[in-house]
Structures are given as C-alpha cells and as structure tokens.
Amino acid sequence: MRRPLKPAVGLTCLVALACGGCSSGGNGSTTAAGAPAAGASAPSSGTSSTPFHPYVSATTATDTDATGSPSTYNLEFVLSDGSGCAPKWSGTYPVGNSAVKSRISALKESGAGVRVSFGGAAGTDLSQTCDSAAALAEAYGKALDAADATQADFDIEGKALTDSASIALRSRAIAILQKERADLKVSFTLPVTPSGLTDDGLAVLGSADDNDVKVSTVNIMAMNYGTSYSGDMGDYAISAAKAAHGQLKDVFASTDDDAWHGLALTAMIGVNDVPGETFTLSDAADVRSFAEDKGLAWVSMWATFRDRPCDGGTSSGGARPDCSGVDQEKGAFAKALAG
C-alpha cells in the first residue's frame, strides 16, 4: 500500500516546469550499476522541445561526451568517503580537485550547463554520514560551488532509498539550501518498474513535500526492473513514464501537461545489470519519439562512457562499465536519444 501524498502546497516544481522541456538547464564507475546514476543550460540543438542530458564521469573524459550535443551534463556522483561530511567525487576526490574542475570547465566550453548528481547506487550517501541538516546543506553547497552549478540531482537508490532518517535529513537540507540559493533547481532521480515509481520513491517525494522542497524534475531510472521483466525495454520505459506521470499529477497536484514537463527519463543503454534486460538502439528511438510527443523535461542515458561497442563485439557476461554490450557504432545511443 503506497503512502498517501498530500497535494504539494510548498512544491512549485511541476507548475514552474510548464516550460521545463524548453529549459536548458564520473569517473566511469567501476560498476555499471551506478546509474541511476546535476548554471542555466544552453538551448538544445535542433528544434526538439526535449533536451538531452547524459550522465558523464566528473573525473574522466571520454570521446563520446559531446555526441548528441548535450545541453546539460549530469555529473556523477558526489558522495561521502564513508566516514565524514566532506563531499567528494566518487567518495574519493575532493570537490575542489583541480583536475576535476578543469574537466568540468571543458564540458562547459560548448555552452552546456552541468547538474551535480549526489548519491547513486555505489558508495555512501552524504545524508547518511552528515550529522545535521545544516552540515549536509553546507556539503551540497560546496559541491555546487566547485562545479559552478545551479542544478542539483539527488539520485536515491540502494540502502539510501529505505533509510527514513537520511531521507528526512536530506529533505531538510535541500530546503535550507533553496532558501540560500533562490535559483537552485532540484531534481530527484528514482527507480521505477513498468508500473511506475516504487513506494519507496513516492515516500522520498512525500518527505520533500513535507519540507516544502521545490522540485523541478523527477527523473525515472528506466532500467534494471527485475528478473520477471524480460520483454521489450523500450515498451517498459514508456509504460513506466506513463505510470509515473499519473503519480506525479497526484503528488504535485499538477495539470496533465505540467506533469509531463516535470518528468525526465534515463535509460541504461545496452545490456542492463539484470540478466535478460537489454535496451537497444530501436528502444532509444522509441523513447526519443515518446519524449518529444509528451514534452518530457529531458532524456538521459547511463552513460557516455558506455556508448561504444565492447571489444570483441556483444557482451555475454553481463553489463560492463565501459561499453554497451550490443552491436553499435560509437556514440549511436547519444544520437538516437538526442534526436
């Protein structure tokens, strides 16, 4: 039974995002399961109303980063090192690391913006090691300032998704941060099934509502559904988006159009972590067409450093962090999702 969510009195996100689809706005992790897994952006290329915002490594460049002309890059991931409240890229590199700052500057040279993504599937979320909402807000602010970003993404999965104490602390910290930074845009990246957001994800949004957090976008992770899902991944992604759209209308008491404009979708390209799940180039084209038709806020992929064929062709050993595992040209998923 999902937790009932009251209409969003303090949440102006999806109403404010009536123009969200037109707004512009890491280290390739050692596991492909980090994906979902955040400054105004440059306009997206072409005439599409739905921009392309791929996940990229904040520490390591790849030659597919710019494919598809992204208008915003999702920088993965700011975490704790496991013991303190200092924000670090991949839980390892200080946010002020000079090499990382140079990397981010290079990503911005095209005019694109950056969104700092906090969390992910691997490592320790800052909300689980900071001892107060004020300290957590300060940590978030340091990471945003180091990247010169006005967009923050909170990718909540794994143990952090069911940790009610850290969820409440995060919500209070974001509320503090938004009072200090009027231009801050906040997105939540949450898991889905083809039936929509999970109960745990809805509870995260409920906590944000309780603390008057202004959410610009809810980004669904259309991937890794479970062993019972062995059908078409493009169809599953679209089903998940349709279901989540209805849920967002309820959570944010928004109109039909505003709920679409406040919804983003991230696919894990190629072979997913769950055996039998493979997101193909055809699926990417289907998702792109759907996103344009509905006016989604943005579409994304996990990740630019996987948008290439594996050495030796297709992958039979499961998802890899450095390639898609399917037959493709380098950068083909970015081109398909960017439209």
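Predicted, not measured: the structure shown is a model, and the values here were computed from it.

A. Just the pairing of strand 7 (residues 185-193), in detail. With 7 of its 9 residues buried, strand 7 lies for the most part within the structure. The pairing of strand 6 (residues 151-155) with strand 7 spans 5 bridges and is parallel. By the bridge assignment, Ala152 is partnered in strand 7 with Val186. Handedness of the β-α-β unit built from strand 6, helix 4 (residues 164-180) and strand 7 comes out right-handed. Bridge count for strand 7 against strand 8 (residues 196-197) is 2 bridges, and the pairing is antiparallel. Across the sheet, residue Thr193 finds its bridge partner in strand 8, namely Gly196. In sequence, strand 7 turns back onto strand 8 through a hairpin of 2 residues.

B. Seen up close, the packing of helix 3 (residues 133-147) against helix 4. At a closest axis distance of 8 Å, the pairing of helix 3 and helix 4 adopts a crossing angle of 60°. If you check the angle between helix 3 and helix 4, you find them oblique. The chirality of how helix 3 crosses helix 4 is right-handed. Across the interface between the two elements, Ala133, Ala134, Leu136, Ala137, Tyr140, Gly141 and Leu144 from helix 3 touch Leu169, Arg170, Arg172, Ala173, Ile174, Ile176 and Leu177 from helix 4. Tallied by class, residues from the contact of helix 3 with helix 4 come to 11 nonpolar, 1 polar and 2 charged.

C. A look at the pairing of strand 5 (residues 113-119). Strand 5 sits mainly inside the fold: 7 of its 7 residues count as buried. Sheet topology note: the strand 2 (residues 72-79)/strand 5 ladder contains 5 bridges and is parallel. Considered in strand 5, the bridge of Tyr73 is made with Val114. Pairing of strand 5 with strand 6 involves 4 bridges; the strand directions are parallel. Each residue of the ladder has a partner; that of Phe118, found in strand 6, is Phe154.

Criteria and thresholds
Residues numbered from 1 in each chain as written. Predicted model: local features only at pLDDT ≥ 70, side-chain atom pairs only at ≥ 80, totals over all residues. Heavy atoms only, no water. Buried < 20%, exposed > 50% of the residue type's maximum accessible area, 1.4 Å probe, protein only. Helix = DSSP H or I, 4+ residues; strand = E, 2+ residues; numbered from the N terminus. Pairing = 2+ DSSP bridges. Right-handed = clockwise from strand over helix to strand, strands pointing away. Axes fitted to C-alpha atoms, helices over the stretch in contact; angles between N-to-C directions. Parallel < 35°, antiparallel > 145°, perpendicular 65-115°, else oblique. Left-handed = near helix turned anticlockwise from the far one by under 90°. Contact = heavy atoms within 4.5 Å. Nonpolar A, V, L, I, M, F, W, Y, C, P; charged D, E, K, R; others polar.

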